[in-house]
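If you want the building blocks of each chain, they are given just below.
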Amino acid sequence: MVSATTKPARAPIAREKTTRLVARALGMTPEALDAGFRPATLADLPALLALRRRVLGDALVWDDERYVRWRYLPFPGERGLATCWVCTRGDELVGMIGTEALWLRAGDLRREVHAAMDLMVQPELAGSGLGVWVNQTVCERLGCVLAIGSNPNSKGMLARTFDALPDRRSYTHPLHFAHFMAKRLSPGPLAWLASHLADGAMLMLRSVRLWLAAPGVSVVQVTHLGPEVADWLPSTAQSQRVEVERDTDTLTHRLLRNPRVPCTVWLARQGGQLVGLMATRRVPIGGGRHAVQVMDAVLDTRCRRPALRGLLARVTAHAFRGGADYLTWTVYDPALEAELQPLLFRPKSHPFETMAWVCPDDAFRQAVLARSGWTLSDIHTDRDSA
């Protein structure tokens, strides 16, 4: 549980002061700086793509125009996922940030919270304070803003603007041991034998702890989410957690239409009734190897354990046959973590699984801080690696 008196790591700089400093650094007036911060339109797309190419560099290996259209600037008749805000200096685009509206429920309180993502500024302006100003301006305009995850460049900046929440926690489950053994033994017959013995032992353990522990649970891969899922999702909420509300339209857009990181979606049933949903994706981990990442999971509160184990039995078997080194899952739910640890999931240290927010609604803030578990998942982030 988080103390309701949680404070920022350091006293934040007032936005008015940041505005004056950044405007001076950009050769603008404070009024022009404010006026140049607005939601992006389709006319901004070429400049947005150019900024992203400069910032992402060689890491940009996907069709970024298709991705930006999918996330921010949909074609007519299609849905988007988030709003892209741009910061302009005259006709020049100098920065951007994305915000996605999420509905959070904490007990009887339900509020719209905006998850921030994709903060980028022109590289030559990296030391101008523009990133801090963009964060502050988004918070001023939208109210409750959530920052999920960070990187070496943003972690300190977030601490100057947002109040810290507990970090999310990552877990891994080993599937193949060839790389692990090759690092610890000289490559050759001994490493080969050790890895095959370890693979076999883990297969036996998974059979006992997953397959045999989920009697009557059937799991199928699906390519669409229909009315059955829509009717079932609200029944999975629990008052003791912070619930991030889900709906089938958004899940379909996120999981099955994402042009950058397509997901595999699994449904679990017991006695003909839907009891669980899990989404996974394949992620590269270097050297031609890959892992499988759990992007989202929703479990029926009435049969949480068999639903979880049935889904993991099918997902791990599929990932093992596909040659994945391990399964990874990042969560923010102590009750779920207690279920994972007996299933041979082990904590994996990750310094940038941070959570922080700005919430001017005191009643909602207190309700959230009184709860230690969230149903937040990696579908609510924009990161690209496991």
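Bear in mind that the values here come from a model prediction, so they are computed numbers and not experimental data.

K.L.:
Quick one: what's the story with the overall build of the chain, residue by residue and with numbers?
P.N.:
Across its full length, the chain carries 13 helices and 16 strands. The C-alpha radius of gyration of the chain comes to 22 Å, within 12% of the 21 Å expected for a compact globule of 386 residues. Here the C-alpha coordinates of the chain stretch approximately 65 × 55 × 45 Å along the principal axes. Summing over all exposed atoms, the chain offers an accessible surface of approximately 17700 Å²; the carbon and sulfur share of this is 55%. In the chain, the 47 positive side-chain charges and the 38 negative ones have mean positions that sit 6 Å from each other.

K.L.:
Describe the pairing of strand β7 (residues 169-174), listing the residues and the values that go with them.
P.N.:
As defined by bridge partners, β7 adjoins strand β13 (residues 326-331) across six bridges and the pair is classed as antiparallel. For tyrosine 171, the partnering residue across the bridge sits in β13 and is tryptophan 329. Note that β7 and strand β14 (residues 346-348) share three bridges and pair antiparallel. For tyrosine 171, the partnering residue across the bridge sits in β14 and is proline 347.

K.L.:
Describe the nonpolar core, and please don't skip the residues or the numbers.
P.N.:
Judged by nonpolar contacts, the single largest core of 30 residues is most densely connected at Met278, Leu308, Leu311, Leu312, Leu327, Trp329 and Phe345. Of all the elements in the fold, those that place two or more residues in this core are β8 (217-222), β10 (264-270), β11 (273-286), β12 (289-299), α11 (304-321), β13 and α12 (334-340). In terms of residue count, the dominant contributor to this core is α11 (eight residues). For tryptophan 329, the contacting residues outside a window of four places in its chain are Arg169, Ser170, Tyr171, Met278, Val294, Ala297, Leu308, Leu312, Leu336 and Leu340. Counting residues in each nonpolar core, the second largest holds 23 residues, with Met28, Val94, Val134 and Ala147 among its members.

K.L.:
Outline a nonpolar patch on the surface, listing residues and values.
P.N.:
Residues Val208, Trp211 and Leu212 make up a contiguous nonpolar surface patch of roughly 350 Å² in combined accessible area. Here tryptophan 211 lies in helix α8 (residues 189-211). Take tryptophan 211: its relative accessible area is 45%, and that puts it in the partly exposed class.

K.L.:
Please set out the pairing of strand β4 (residues 109-121) residue by residue, giving values where relevant.
P.N.:
Alignment of strand β3 (residues 92-106) against β4, held across 11 bridges, turns out to be antiparallel. Looking at β4, one finds that glutamate 100 is bridged to alanine 115. Between β3 and the antiparallel strand that follows it, β4, lie two residues; glycine 107 among them carries a positive phi value of about 65°.

Definitions and limits used
Residues numbered from 1 in each chain as written. Predicted model: local features only at pLDDT ≥ 70, side-chain atom pairs only at ≥ 80, totals over all residues. Heavy atoms only, no water. Helix = DSSP H or I, 4+ residues; strand = E, 2+ residues; numbered from the N terminus. Rg over C-alpha atoms; globule rule 2.2 N^0.38 Å. Areas by Shrake-Rupley, 256 points an atom, 1.4 Å probe, with all protein chains shown as cover. Lys, Arg positive; Asp, Glu negative; His and termini not counted. Charge placed at Lys NZ, Arg CZ, Asp CG, Glu CD. Pairing = 2+ DSSP bridges. Core = buried A, V, L, I, M, F, W, Y, C linked by side-chain atoms within 4.5 Å. Buried < 20%, exposed > 50% of the residue type's maximum accessible area, 1.4 Å probe, protein only. Contact = heavy atoms within 4.5 Å. Patch = residues over 30% accessible without salt bridge, like charges linked within 9 Å, V, L, I, M, F, W, Y side chains within 5 Å. Salt bridge = Lys/Arg side-chain N within 4 Å of Asp/Glu carboxyl O.

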